[in-house]
Structures are given as structure tokens and as C-alpha cells.
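What the coordinates show
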Amino acid sequence: DDKSPVHVDAARLMSAIGISHDELRACTTKEKALDVVIERLEANQVLVSRSVQHYMPQRLTHVKFSGMTIRDNKVPYIFLAGGDHGNDQEPAGRTIFTLVLMTVLVARRIFAPMTWDGGSTQTDPGREYDIAGSMLMPAERMKELDPSSIDDMKAASDEFKVTPSAVTVRAMRLGMISGETASNHLSQLRGEFMSLPKGGPRSPIRPENAVRKYNGRQLTVRMLHALDSGDISAGDFCRSICLNHLKPARIEDLRRA
């Protein structure tokens, strides 16, 4: 309802999926906060799939988007492009805001690919962005913290489990800092993140973990139940659910993942 205050819509949506501000802030890491949001969405019949290159039907090349909301009358889906788009912000903090923003899109029955630049003041993300911002960074708490400096943004980002850039844009949209200050902060934050050492090559993800991440926990659990009930054969399970990345002998590894 575009006539109701943003914070009212935010509170209504948080109540519907069973998440509170206190619960998210109590998470010790941004990754754990992300897991909580995914868990509550899937408990409410909104399934979440996350990009895992080489384990999907096709690779994400030559396309850049943050994610996609997929229409279904009973079980809508959210696909998160994750690390395949936007490499100038920390992944976990960016992903949780993207996920909450796409949750707002599903609630408003907007189903489409979505791209947003969380490190820019130049685009107008609109009401959906403000609802997501209110869900993760409520105005009352933002005003209590009154972030203005780069260090303030970083400290607030740890509390809210988002990126310092997201806090900066939220502060600007709440009128707490000017557009010029926000632009300067975002430029500095981008430079700091890009200059961080990237480390050596990552350990390859285990196939069962990759399949579970791409499918999402709920779909994996439901299809394992179908397998156990004899509604699908092990061969069909490996072909349709694992996309042939797991053999029948590895299904137990997926069950434990």
C-alpha cells in the first residue's frame, strides 16, 4: 500500500515472515543473519536459490543482475546472483540487503530480474528500497546512532548486518547526511574494499554443498522426502535435482549437508 508509511509496511512484512530487528542484530555474523532470513522465508513458502557457478543449468556470463523474483501462486522463488554481480562490496552484507529487498518485491507481487547499485547515490531505488531499509535499519535506531562519519557507518553496519555503503545510503535517504557527504563516503568505502587483499585461491566447494546452496534447503529437504517415499527414483533425483553433479551413491552426502 503506497499510501501507508514505509515503516508500517516494513513492520507488517517482518511480522508476516517472523523476523524481528532484535533477532537480526543479535546474530553474531552477517552470514548467520542471512541464514535466519532465508530460513524464515522458506518456512513461509518463499524458496531461496543462490548462485553457484558450474552447478547451475547455465553460467551467468555477460549478464549482471542482483537477483530475480520468480512468480508462483503457491511457492514464489527468489534467486540471488550473489558474488556474480557487484564485487565492490562485502558479499554477506550486500546479499542480506539484496534478499530483503527482493522479499519486498515478492510481497508487492513484482516478479522480474532486479539490478541495484548499493554503492551509488545516483539511482532512485524507490519505495521498495525504503521498505527494505526500514526492515534492516529502522529509522528510530538510525537516529539514535546518528551516523555521520565513515567509522560511524562501519559500526552501524555491524549492528544492522549490512554493508557500510547501505548504511550510508539509508542515512542520506533519511536526511541525516547530505548527498555530497554520502557520495564521498561511498567512494572511500569502495576504494577501501577494493584495496583489501583478496587472499589465495579458494578451496573448491563440495558438490553436495553446491547442490544444496543452489536448490535451497527447503527444496532439497522436500525432494529428499519424495525420494524416501518412492515418489522419485534415485536416478531421476540425481538428474532433476542434482543436475547430474551427484551420483546416487552421493545422495547421503547431500542429506548430511
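Look a little higher up for the structure.
A short tour of the structure in this document, coming up. Note that the structure is predicted; figures quoted are calculated from it, not measured.

1. Structural notes on the pairing of strand E3 (residues 77-80)
Where burial is concerned, the two faces of E3 agree: the one with Tyr 77 and Phe 79 and the one with Ile 78 and Leu 80 are both buried. Inspection of the sheet shows strand E1 (residues 47-50) paired to E3 by 4 bridges, in the parallel sense. Paired with Arg 50 across the two strands is Leu 80, which belongs to E3. The sheet contact formed by strand E2 (residues 67-70) and E3 spans 4 bridges and is antiparallel. By the bridge assignment, Thr 69 is partnered in E3 with Ile 78. Taking the residues that link successive antiparallel strands as the turn, the E2-E3 hairpin has 6 residues.

2. Quick notes on the pattern of salt bridges
In the structure shown here, the tally under the stated rule is 18 salt bridges. A salt bridge links Glu 208 to Arg 250, with the nearest nitrogen and oxygen atoms 2.8 Å apart. Of this pair, Glu 208 sits in helix H10 (residues 207-215) while Arg 250 sits in the loop between helix H12 (234-240) and helix H13 (251-256); the two residues are 42 residues apart in sequence, bridging distant segments of the chain. Residue Asp 236 is joined to Arg 239 by a salt bridge in which the shortest nitrogen-to-oxygen separation is 2.3 Å. Separated by 3 residues within a single helix, Asp 236 and Arg 239 lie in helix H12, roughly one turn from each other. The network of salt bridges with common partners includes Asp 22, Arg 25, Arg 141, Glu 144 and Glu 159.

3. Overview of the sheet that holds E1
Within the open sheet, the 4 strands sit side by side as E1-E3-E2-E4. Their pairing is mixed. Of all the strands in the sheet, the pair left with one neighbour each is E1 and strand E4 (113-114). Lying on the sheet, helix H3 (residues 30-43) is in contact with E1 and E3; it crosses E1 at an angle near 135°.

Cut-offs applied
- Residues numbered from 1 in each chain as written.
- Predicted model: local features only at pLDDT ≥ 70, side-chain atom pairs only at ≥ 80, totals over all residues.
- Heavy atoms only, no water.
- Buried < 20%, exposed > 50% of the residue type's maximum accessible area, 1.4 Å probe, protein only.
- Helix = DSSP H or I, 4+ residues; strand = E, 2+ residues; numbered from the N terminus.
- Pairing = 2+ DSSP bridges.
- Salt bridge = Lys/Arg side-chain N within 4 Å of Asp/Glu carboxyl O.
- Contact = heavy atoms within 4.5 Å.
- Axes fitted to C-alpha atoms, helices over the stretch in contact; angles between N-to-C directions.

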